[in-house]
Amino acid sequence: MNVDVLVIGAGAAGLMCAITAGQRGKRVLVVDHANKAGKKILMSGGGRCNFTNTGTTPANFLSANPHFAKSALARYTPWDFIALVEKHRIRYHEKELGQLFCDESSKLIVRMLLDECAAAGVQVETGCAVQRVRKAEHGFSAATALGEVQATSLVVATGGLSIPAMGATGFGYELARQFGHSVLPTRAGLVPLTQSGKHQERYSDLAGVALPVAEARVGKQGFRAGLLFTHRGISGPSILQISSYWQPGDDLRVDLSPDVDAAGWLAAQRAARPAAELKNVLADLLPKRLAQRLCELWFESRPMRQYREAELGEIGRQLHDWPIVASGTEGYRTAEVTLGGVDTDELSSSTMESRRVPGLYFIGEVVDVTGWLGGYNFQWAWASGHAAGEVVG
Ligand code: FDA
């Protein structure tokens, strides 16, 4: 079979690239070894797909080259994707901070992308593995379950390593290496953190206890959002966000009361209810079981009148700067994204084309560009897919 463009991976980036190229009149074939297109889209956002974030800027992404994502993000914005969603009459809502979710189901986003593919004459083949790819005289030749495919352009849109059960593989990284590209070390991102030994024992029975707002910090990076204790460690949006910046050995701190000056609040409580015990007072600031555990482990609980100003000041300071000793992450099994990947130094930031092999493109999560939690990763998939789709073939 001869095509202008062979896209490997029928996920977010691959389908967007295919649509854009198909609309330019290119003959496009998308192959995916999974039995369905867009499996990660289907499971995303708790089944409602947080498909973009209206506040997307390059600062919301991690990459060895923080400038790389700028061009593609500027040329395909959240508003472009919203226009597509509205064209297909998919209802959506803003959850928080610019995060847009489907009202009904992620299935509608996959349906929309496949309908756009069909309208643009794109052929999408699922359950179609690619055995090998080689450079041919004019483009590329790929051995697939459909037979040999000759293509002028090859687009690698195989995503990252997270959730192997959903079809994730390292095939894109292998192809990158095969064609002489560097692949920066990969690791799980947007992932719960685990604790071990005494650090785990201290809090594991708090599993299920949640703080609506905490601020997790590593170095200068901080995220203010919910925090959740789990059997194995900690999770919740603030922890998922900071997990992308945390590496084993890093000092992770959490402000358990970012919206209230804890020392001042405790001093006011001492004046208002001097006979109340600290653990009961703290239970008005923090979840009760956490307040009790902190008093068992760190702060001796006495009636408030027995604390000196300086002692309350110190308790307040600790509540704003609570150290969490994490031992690792839950890994790719539960991670939303993969950090690292195909080195951007060897790709064009405007087209995603390889600087080494003309006609070869890398888009989406396989590239060393990783977004924060909140719709940024799909926006990168749409934008990088669109950038390549405008020039492939
Ligand atoms: P994607 O993973 O979508 O697609 C890659 C495709 O390549 C897959 O279909 C796969 O089967 C295929 N493939 C892999 N190896 C292959 C091979 N050897 N041969 C053929 N095909 C192969 N982001 C966001 O912005 N908002 C959200 O709400 C969420 N929610 C979310 C929930 C969960 C549970 C996860 C795991 C992830 C998210 N994400 C997210 C992240 C988001 O899903 C992710 O960043 C994008 O899907 C990346 O798009 P890609 O097209 O690059 O890869």
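As a convention, each chain's residues are numbered from 1 in the sequence order in which they are written. Only residues with pLDDT of at least 70 get local features here, since the model is predicted, and only at 80 or more are side-chain atom pairs given and counted; chain-wide, interface and lining totals rely on the full set of residues. To obtain the side-chain values, all non-hydrogen atoms of the structure were included, while hydrogens and water were left out.

(A) The arrangement of the pattern of salt bridges in detail. Put simply, a salt bridge is a Lys or Arg side-chain nitrogen that is within 4 Å of an Asp or Glu carboxyl oxygen. Overall, the coordinates contain 22 salt bridges when judged by the stated rule. Taking the shortest distance from any N to any O, the salt bridge between R253 and D321 comes out at 3.3 Å. With R253 in strand β16 (residues 252-255) and D321 in the loop between α12 (309-320) and β17 (322-324), this residue pair connects regions lying 68 residues apart in the sequence. Three exposure classes are used, based on accessible area relative to the maximum for each residue type with a 1.4 Å probe and protein chains only: buried under 20%, partly exposed in between, and exposed over 50%. Given a relative accessible area of 24%, D321 falls into the partly exposed group. Of the charged contacts, one joins R356 and E346 as a salt bridge, the two residues approaching to 3.4 Å between their closest N and O atoms. Here a helix means four or more residues in a row that DSSP labels H or I, a strand means two or more in a row labelled E, and each is numbered from the N terminus.

(B) Summary view of unusual backbone geometry. Of note in this structure, C49 is not a glycine but carries a positive phi near 50°. For C49, the location among the structural elements is in the loop between α2 (39-43) and β3 (50-53). Unusually for a residue other than glycine, R89 sits at a positive phi of about 55°. Among the structural elements, R89 can be located in the loop between α4 (78-87) and β5 (92-94).

(C) Up close: the site of the ligand. Contacts to the ligand come from 30 residues, most closely from A13, D32, T169, E365 and F378. Within 3.5 Å is the distance limit for a polar contact, defined as a pair of N or O atoms, with the added protein rule that one can donate a hydrogen and the other accept it, and that residues adjacent in sequence qualify only through two side-chain atoms. In the environment of the ligand, an oxygen atom lies 3.4 Å from a nitrogen or oxygen atom belonging to the backbone of N377. Accessibility throughout is a Shrake-Rupley quantity obtained with a 1.4 Å probe, and a residue counts as covered only by protein chains that appear here. Here the ligand, which alone exposes 990 Å², has 93% of that area covered by the protein. Going through the elements one at a time, α1 (12-23), α2 and α13 (376-389) are the ones with two or more residues in the shell around the ligand. Examining the composition of the shell around the ligand, we find that four residues originate from one element, α13, more than from any other. Under the scheme applied, nonpolar residues are Ala, Val, Leu, Ile, Met, Phe, Trp, Tyr, Cys and Pro; charged residues are Asp, Glu, Lys and Arg; polar residues are all the others, including Gly. Tallied by class, the residues present in the shell around the ligand amount to 13 nonpolar, 13 polar and four charged. The criterion for a residue being near a molecule or strand is simple. One of its heavy atoms has to lie within 4 Å of it.

(D) Layout of the sheet that holds strand β14 (residues 221-229). Two strands make a pair as long as DSSP finds a minimum of two bridges between them. The strand order across the open sheet built from seven strands is β17-β16-β13-β14-β15-β12-β18, with neighbouring strands paired in antiparallel fashion. Since the sheet does not close on itself, it has two edges, and those belong to β17 and β18 (328-329), each with one partner. Across seven bridges, the pairing between strand β13 (residues 210-218) and β14 is antiparallel. Each residue of the ladder has a partner; that of L211, found in β14, is L227.

Fair warning: the whole summary comes from geometry, so function is off the table for now.
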